[in-house]
Amino acid sequence: MGQPIIQITNLMKTYKLGGETVHALNNVSIKIEKGEFLAIIGPSGSGKSTLMNMVGCLDRPQSGKYLLDGKDIGKMNDNQLAVIRNQKIGFIFQNFNLLTKLTALENVELPLLYAGVPAKERKARAMESLSKVGLKERAGHLPTQLSGGQQQRVAIARALAGNPSILLADEPTGALDSKTSKEILSLMKELNELGHTIILITHDLAIAKQAGRMVSIQDGQLLENGGELIGNMAIY
Amino acid sequence: MGIWQSIKMALRSIQSNKLRSALTMLGMIIGVSSVIVLVSIAQGSAQNVTSRINQLGTNLLTINTFGTDLALTEDKINELSKLNGVKAISPVVSGRVNVKKDKTASQVSVTGTNAAYSDVRDTKVKQGRFITDLDIEYRQKIAVIGSETASTLFGAENPVGQYIQIEGTSFKVVGVLASKGSSMGQGGDNTIIVPLSTGQRLVKSTTINQVYLQGKSEDQMDVVMNEVKLALAGMYPNKSDSYSVTNQKDLMDTMSSVTNTMTMMLGGIAGISLLVGGIGIMNIMLVSVSERTKEIGIRKAIGAKRRDVLLQFLIEAVVLSGVGGLIGILAGVGLGKMLSSLFSLTVSFTSSVMIGSFLFSLVVGVIFGVFPANKASKLNPIQALRYE
Ligand SMILES: Nc1ncnc2c1ncn2[C@@H]1O[C@H](COP(=O)(O)OP(=O)(O)OP(=O)(O)O)[C@@H](O)[C@H]1O
Ligand SMILES: [Mg+2]
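Going along each chain's sequence as written, the residues are numbered from 1 onward. Chain labels run from A onward and ligand labels from 1 onward, assigned in the order the entries are written. The model is predicted, so local features are restricted to residues of pLDDT at least 70 and side-chain atom pairs to those at 80 or more, both for listing and for counting; the totals for chains, interfaces and linings are taken over all residues. By convention in this description, side-chain values take in all heavy atoms of the structure and omit both hydrogens and water.

**Q** Looking at this structure, I do not really get the side chain of E36(A). What am I missing?
**A** Where helices and strands are cited, they refer to DSSP runs of H or I of at least four residues and of E of at least two residues respectively, numbered from the N terminus. Residue position: E36(A) is located in the loop between β2 (20-32) and β3 (37-41). For E36(A), the side chain forms a polar contact with the main-chain nitrogen of E33(A), separated by 2.6 Å. The term polar contact refers here to a pair of N or O atoms within 3.5 Å; inside protein, the definition further demands a hydrogen-donor-capable atom paired with an acceptor-capable atom, and it admits residues adjacent in sequence only when both atoms are side-chain atoms.

**Q** Please explain the packing of helix α3 (residues 104-115) of chain A against helix α4 (residues 119-132) of chain A as it appears in this structure.
**A** Each pair of packed helices gets described by two things: the angle between the helix axes and the distance between those axes. Residue and element names in this part refer to chain A. Helix axes are fitted only over the stretch in contact, all axes being lines through C-alpha atoms; the angle between N-to-C directions runs from 0 to 180 degrees. The N-to-C vectors of α3 and α4 enclose an angle of 120°; their axes lie 9 Å apart at closest approach. By the criterion of interaxial angle, the relationship of α3 to α4 is oblique. In this structure, the crossing between α3 and α4 has a hand that is right-handed. The segment α3 lies against α4, with A104, L105, V108, E109, L112 and L113 engaging R122, K123, R125, A126, M127, S129 and L130. Class assignment of the residues belonging to the contact of α3 with α4 gives a composition of 8 nonpolar, 1 polar and 4 charged. Orientation is classified from the angle alone, with under 35 degrees giving roughly parallel, over 145 giving roughly antiparallel, 65 to 115 giving roughly perpendicular, and any other angle giving oblique. In this scheme, a crossing is called left-handed if the near helix is turned counterclockwise away from the far one by less than a right angle; it is called right-handed if the turn is clockwise. Contact criterion: two residues are considered in contact whenever any of their non-hydrogen atoms come within 4.5 Å of each other. Side-chain classes are defined by residue name, with Ala, Val, Leu, Ile, Met, Phe, Trp, Tyr, Cys and Pro counting as nonpolar, Asp, Glu, Lys and Arg as charged, and the others, Gly among them, as polar.

**Q** Is there a simple way to think about the interface of chain B and chain A in this case?
**A** Think of interface size as the accessible area that goes away when the parts come together; that is how it is often given. Taken together, the contact between chain B and chain A spans 23 residues of the former and 23 residues of the latter. Of the roughly 2,000 Å² buried where chain B meets chain A, counting both sides, 61% is carbon and sulfur surface. By convention in these notes, a salt bridge is any Lys or Arg side-chain nitrogen within 4 Å of a carboxyl oxygen on Asp or Glu. In this assembly, chain B and chain A are joined by 1 salt bridge. For R12(B), the salt bridge is made with E106(A), and the minimal N-O distance between the two is 2.3 Å. On inspection of chain B and its partner chain A, the count reaches 6 residue pairs in polar contact (both at pLDDT 80 or more). Looking at the side of chain B that touches chain A element by element, the count peaks at 7 residues for helix α10 (residues 293-302) of chain B. Considered class by class, the residues forming the side of chain B that touches chain A number 9 nonpolar, 5 polar and 9 charged. By buried area we mean how much accessible surface two parts lose on assembly, using a 1.4 Å probe and totalling the loss over both.

**Q** Would you mind showing me how to read the domain arrangement of chain B here?
**A** The split of the chain into domains comes from an automatic or database domain assignment. One can read the domain layout of chain B as domain 1 (3-52 + 254-385) and domain 2 (60-216). On a C-alpha basis, the centres of domain 1 of chain B and domain 2 of chain B stand 57 Å from each other.

**Q** Just to check I follow, could you spell out the sheet that holds β2(A) for this structure?
**A** Paired through backbone hydrogen bonds, the strands of a sheet run either parallel or antiparallel to each other. Residues and elements named next belong to chain A. The strand order across the open sheet built from 4 strands is β2-β1-β4-β5, with neighbouring strands paired in antiparallel fashion. Edge positions in the sheet fall to β2 and β5 (71-72), since each of these pairs with one other strand and no more. Pairing between strands is defined by DSSP: at least two bridges between them are needed. Two elements, strand β4 (residues 63-68) and β5, share 2 bridges in a ladder whose sense is antiparallel. Within β5, the residue paired with L68 across the bridge is K71. Most of the contacts of helix α1 (residues 48-55) go to strand β1 (residues 6-17), to which it runs at about 125°, and overall it touches β1, β2 and β4.

**Q** Just to check I follow, could you spell out the pairing of strand β6 (residues 163-166) of chain B for this structure?
**A** Moving residue by residue along a regular strand, the side chains alternate between the two faces of the sheet. Residue and element names in this part refer to chain B. Buried, partly exposed and exposed residues are distinguished by accessible area as a fraction of the type maximum, computed with a 1.4 Å probe on protein chains only: under 20%, between the cut-offs, and over 50%, respectively. Here β6 shows a clear split, with I164 and I166 buried on one side and none of Y163 and Q165 buried on the other. Two elements, strand β2 (residues 86-101) and β6, share 2 bridges in a ladder whose sense is antiparallel. Each bridged residue has a counterpart across the sheet, and for K100 the counterpart in β6 is Q165. Pairing of β6 with strand β7 (residues 169-177), which is carried by 4 bridges, proceeds in the antiparallel orientation. Within β7, the position partnered with I164 by the bridge is F171.

**Q** What am I meant to see in the UniProt feature "transmembrane region" (unreviewed entry) in chain B here?
**A** UniProt positions are given in the numbering used here, feature names are shortened, and annotations may be inferred rather than shown by experiment. UniProt annotation of "transmembrane region" (unreviewed entry) refers to residues 21-42, 264-289, 309-333 and 353-373 of chain B when read in the numbering used here. Counting secondary structure, residues 309-333 of chain B comes out at 100% helix and 0% strand; the distance between its end C-alpha atoms is 36 Å.

**Q** I tried to follow the sheet that holds strand β9 (residues 213-218) of chain A on my own but got confused; where do I start?
**A** All names here are of chain A. Reading across from one edge, β6-β7-β8-β3-β9-β10 is the order of the 6 strands in this open sheet, with mixed pairing throughout. For this open sheet the edge positions go to β6 (89-92) and β10 (221-224), each flanked by a neighbour on one side alone. Direction aside, the axes of adjacent strands within the sheet are offset by 20° on average. The pairing of β6 with strand β7 (residues 166-170) spans 4 bridges and is parallel. Within β7, the residue paired with G90 across the bridge is L167. Together, β6 and β7 form the strand contacts of helix α5 (residues 148-161), whose direction differs from that of β6 by roughly 170°. Of the strands in this sheet, β3, β6, β7 and β8 (197-202) touch helix α6 (residues 178-193), which is tilted by about 155° from β8.

**Q** Would you mind showing me how to read a nonpolar patch on the surface here?
**A** Each patch groups residues whose relative accessible area exceeds 30% and which form no salt bridge, using 9 Å between like charges and 5 Å between nonpolar side chains of Val, Leu, Ile, Met, Phe, Trp and Tyr. For the area figures, the Shrake-Rupley method with a 1.4 Å probe applies, and any residue is considered shielded solely by the protein chains shown. On the surface, a nonpolar cluster with roughly 500 Å² of combined accessible area is contributed by L335(B), M338(B), L342(B), F343(B) and L345(B). Looking at where L342(B) falls in the secondary structure, it is placed in helix α11 (residues 306-342).

Take a look at the structure:
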């Protein structure tokens, strides 16, 4: 096994609310190998999104170390982080976060636009990405003209467009019914088989179990394999 | 991301909010078009005035006398005419008289002067002849009449050789002046010119109100003016309050400085509306930034750099103000043309004013766009993404 794509050691993130300090991430350490399908599970407020923001380079660690592809994220400036997000990470959000004024194709083009890909190639690659999620015919539709599942697939296509090594999904099925959720999930499995590293955040154990590896987070602390917590978390 | 992409993106976003964009641009449109209309009217009237003054000749000096204590006699005038730079001199008495021809009566301004007047004041006859110096010597009761007076009194008839009654005395019309158009209260075409000696009788005063001097060359008018002033000071010590010497060029300079001030003032007032338009743009851009916080968060998560977001909003502001400016130029020119034909105003559109106000509108866009754009670019992506 080569060098892990993500290596996080003793990561801390605290929020000060009034006089109280919230340890959103408390001494988190994890290694993620290239090509893994990792599910992070945990109750609401446990720090899942905070961790995902950190992994997605939207935030810098307060203390601890985060190496992405061997590069120290903590030492990078905003512009460098933007480039990393653009090239290495594809975000899939719970509420899709598509730009409502742009068509499906234009939404998918966005990361390529910021990467400076010329218009023609951009269009071709965005189209390819859309056909991977089976929405080629809907390229000209606005998000409001698409169903929830279709919107999420557009979002996945957008995350895929730049061909990033990591796909980060924060509760991608949270806003979808169970049938559509299954479709999205199997799409993600396919993508994983194609070699994408996928990190999936959820508080649904059934969904988490589909992943190749599962960790749980509680009160900012990460536990490998879900450990003994899985039993307690049957409610999720 | 390329600048062209950014412009396209800005245009899209402006397009997707048509009404708001149009209202925002309205400020710029009104600003730019009012700059153009006001400045071109001011410049048009300035052109009008200077061309009229130019018509009078720029090598003209005028001595005006006030009151009666300055006895400008013939010798004194002769003395002035011998000055170095003076080419010709023309003393004038003037007043208003009643003129009658058969049953038609009219009030007309009368000018008593000499033969040189024709040259000095560039007053040509279109029919008959002008006054000669002999006419003055013999106090001839002859008159040269203005074109308007001619048509009032004689209609379509040829006045030359006919007689008119001036203050009850019969005068023979020897010539008709070519039309000059009226300008700045000067003469106009409703006028009668008679020999100086006859004129003095008509207005019952020997006081010469005005003396026109024609300089030999346009470039030396300052020198001539000084000569004349010195000579007058020698002739009439301690009476410098009773006369004034003006230079046509001075008059023009004064006029152009007046019209320049007017242009600047009007331009400035209109410029203020451009600024107000700019503030309108800033206002809308600020609203737009907070409305699109989520969009900014998404764009940043996907990999937009600070510069990309800054440029996007800045270009949006500049495109708004620039398109507004362009429409404003069209509206301004259209409005100016309409005003000029409705009120027969002279308007003069100069490309420098158009380009200038367009550039100014762009600059306003940049200045008032920077603040909201900077605000947008500084948004924290995590917080922006959480924004609903
Ligand atoms: N901007 C913030 N300011 C203050 N506290 C915050 C902030 N963001 C998160 N927190 C706190 O950090 C903790 C972890 O939040 P986080 O959003 O990571 O939870 P989560 O696991 O994603 O929950 P959910 O499943 O509801 O999305 C929570 O206690 C939350 O209150
Ligand atoms: Mg969350």
